[in-house]
Amino acid sequence: MTNDTDHGAETGRDPNDDRRDDRRRHANDEPPLINIENVFRRYPTGVEALRGVSLFAHEGEVVCIIGPSGSGKSTLLRCVNGLEPIDRGRILVGGREVRVKGREAREIRRQIGMVFQSFELFPHMTALSNVSEGPRTVLRMPRDKVEARAREFLAKVGLADKADALPAQLSGGQQQRVAIARALAMQPRAMLFDEATSALDPETVGEVLNVMQQLAQEGMTMLVVTHEMAFARSVADWVVVMENGQVLEEGTPKRIFEAPRLARTREFLQRVEHAPAPTAQGLQAYNRPPD
Ligand code: ADP
């Protein structure tokens, strides 16, 4: 029997943890949709960004990855999407191993939507064209279907009336919602969010978190790297704490936030809780529907 107050645990990862077993049972013994097994990644510069990371997400689960800057969270997401090679271990999406090159790599990447901190929209294209681009060029859908689909996803993120706007005419939050619509238009099996709200003005953070929460409620499988602890706490099914290229500990949001096992996790959580809250206004808007 695991004891939540057992702060003496060496690693924070306990193979007998009853909650881990619970989580597996809830998933009806299906294999995870995303399975990361003992992954290592060393950059050519010599930085060891990932040092034996394992984690998984079942279909429909939201897994939030938190931890100090430089702990390898972003690298991990890029590896899941095949944007970054790994040196050891393996990553399976839907039972297929992720590759960085070739047809298989493209097929897997198509199944995973990724949203970056910096939006990455085409600046010379309207919101509608940005969302249409993937379905048109990658999925090769006919023009009328592409446009209908793009409008549907813009509406889904609350931007039906911004179809003809260029990115520069939109707020950061609106641009990020276009980026989410663009990823969704490819009808991915899972979505990866890499600090999707970190570059936003405080007042637009909430509208993006709202869209992410809505997706979670609809059953989208999501890996979310975030500094928004309130979001992780209320939306995640599972929270993974990373530090120095490793998983420090993981558990339900309640367990991680209320009874972290490791002193390092507690220190990190205290630091972020006591940091100036740049997103306070955004969080006020958190439960408002996007405009
Ligand atoms: P996090 O997302 O947790 O902030 P990152 O994955 O961005 O962490 O970075 C992990 C480590 O890898 C850091 O030491 C960072 O400086 C390094 N790093 C990230 N990207 C690169 C890169 N393209 N080339 C070399 N080192 C990198």
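Residues numbered from 1 in each chain as written. Predicted model: local features only at pLDDT ≥ 70, side-chain atom pairs only at ≥ 80, totals over all residues. Heavy atoms only, no water.

Trainee: I keep staring at the nonpolar core and nothing clicks. Help me out?
Mentor: Taken as a class, soluble globular proteins show a tendency for nonpolar side chains to be buried jointly. Membership of the largest hydrophobic core comes to 51 residues, with the highest contact counts inside it found for Leu154, Ile180, Met191, Phe193, Met212 and Met222. With seven residues, the top contributor of residues to this core is helix H7 (residues 202-217). Here Met191 is in contact with Gly113, Val115, Ile180, Ala183, Leu184, Leu215, Met220, Thr221, Met222 and Leu223, once residues within four sequence places are set aside. One finds Val53, Ile65, Val80 and Val240 within the second-largest nonpolar core, a separate group that totals 28 residues. (Core = buried A, V, L, I, M, F, W, Y, C linked by side-chain atoms within 4.5 Å. Buried < 20%, exposed > 50% of the residue type's maximum accessible area, 1.4 Å probe, protein only. Helix = DSSP H or I, 4+ residues; strand = E, 2+ residues; numbered from the N terminus. Contact = heavy atoms within 4.5 Å.)

Trainee: Would you explain the sheet that holds strand E5 (residues 96-97) in this entry?
Mentor: The sheet built from four strands is open, its strands ordered E2-E1-E4-E5 with antiparallel pairing. This sheet does not close on itself; its edge strands, each paired only once, are strand E2 (48-57) and E5. Pairing of strand E1 (residues 34-42) with strand E4 (residues 88-93), which is carried by five bridges, proceeds in the antiparallel orientation. What sits directly across from Phe40, in E4, is Arg88. Along the sheet face, helix H2 (residues 73-80) touches E1, E2 and E4 and points at about 60° away from the line of E2. (Pairing = 2+ DSSP bridges. Axes fitted to C-alpha atoms, helices over the stretch in contact; angles between N-to-C directions.)

Trainee: Please explain the packing of aromatic side chains as it appears in this structure.
Mentor: Two descriptors summarise a pair of aromatic rings, namely the distance from one centre to the other and the angle between the planes of the rings. All told, the structure shown has zero aromatic pairs when counted by the stated rule. Arg88 extends its terminal NZ or CZ atom over the ring of Phe40, reaching a point 4.2 Å from the ring centre. (Phe/Tyr/Trp six-rings, centres within 6.5 Å; stacked < 30°, edge-to-face > 60°. Lys NZ or Arg CZ within 6 Å of the ring centre and 35° of its normal.)

Trainee: Looking at this structure, how should I read the site of the ligand?
Mentor: Taken together, 13 residues are adjacent to the ligand, and Gly70, Ser71, Lys73, Ser74 and Thr75 come closest. The contact in question runs from an oxygen atom of the ligand to an N or O atom on the backbone of Ser71, over 3.0 Å. Note that an oxygen atom of the ligand is positioned 2.7 Å from one of the side-chain N or O atoms of Lys73. Burial of the ligand by the protein chains amounts to 65% of its free accessible area of 560 Å². Of the residues forming the shell around the ligand, the biggest block, four residues, is contributed by H2. In the shell around the ligand, the residues fall into four nonpolar, seven polar and two charged. (Near = heavy atom within 4 Å. Polar contact = N/O pair within 3.5 Å; in protein donor to acceptor, adjacent residues only side chain to side chain. Areas by Shrake-Rupley, 256 points an atom, 1.4 Å probe, with all protein chains shown as cover. Nonpolar A, V, L, I, M, F, W, Y, C, P; charged D, E, K, R; others polar.)

Trainee: Which parts of the structure should I look at to understand the pairing of E2?
Mentor: Each regular strand shows side chains that alternate between the opposite faces of the sheet. Bridge count between E1 and E2: seven bridges; the pairing is antiparallel. Bridging across to E2, Asn35 finds its partner in Phe56.

Trainee: Help me understand the sheet that holds strand E8 (residues 221-225), please; the structure alone is not making it clear to me.
Mentor: What holds strands together in a sheet is hydrogen bonding between their backbones, with the strands either parallel or antiparallel. Taken together, six strands build an open sheet; the order of strands is E6-E7-E8-E3-E9-E10 and the sheet is mixed. Either end of the sheet is taken by a strand with one partner, and the two such strands are strand E6 (112-115) and strand E10 (246-251). Taking the axes of each pair of neighbouring strands and ignoring which way they run, one obtains an average angle of 15° across the sheet. Where strand E3 (residues 62-66) meets strand E9 (residues 238-243), four bridges bridge the pair, whose relative direction is parallel. In the sheet register, Ile66 faces E9, and the bridge partner there is Val241.

Trainee: Help me out: how do you make sense of the pattern of salt bridges in this one?
Mentor: Following the criterion strictly, the structure yields 14 salt bridges and no others. In this structure, Glu84 and Arg41 form a salt bridge, with 3.0 Å as the shortest nitrogen-oxygen distance. Here Arg41 lies in strand E1 and Glu84 lies in the loop between H2 and E4, a separation of 43 residues in the sequence. With relative accessibility at 11%, the residue Glu84 sits in the buried group. We classify Arg41 as buried; its relative accessible area is 8%. Residues Arg233 and Glu258 are paired through a salt bridge, measuring 3.8 Å at the closest nitrogen-oxygen approach. Separated by 25 residues along the polypeptide, Arg233 in helix H8 (residues 229-235) and Glu258 in helix H9 (residues 253-258) bring together distant segments of the chain. What makes Arg233 partly exposed here is its relative accessible area of 39%. (Salt bridge = Lys/Arg side-chain N within 4 Å of Asp/Glu carboxyl O.)

Coordinates in, geometry out; function isn't part of it.
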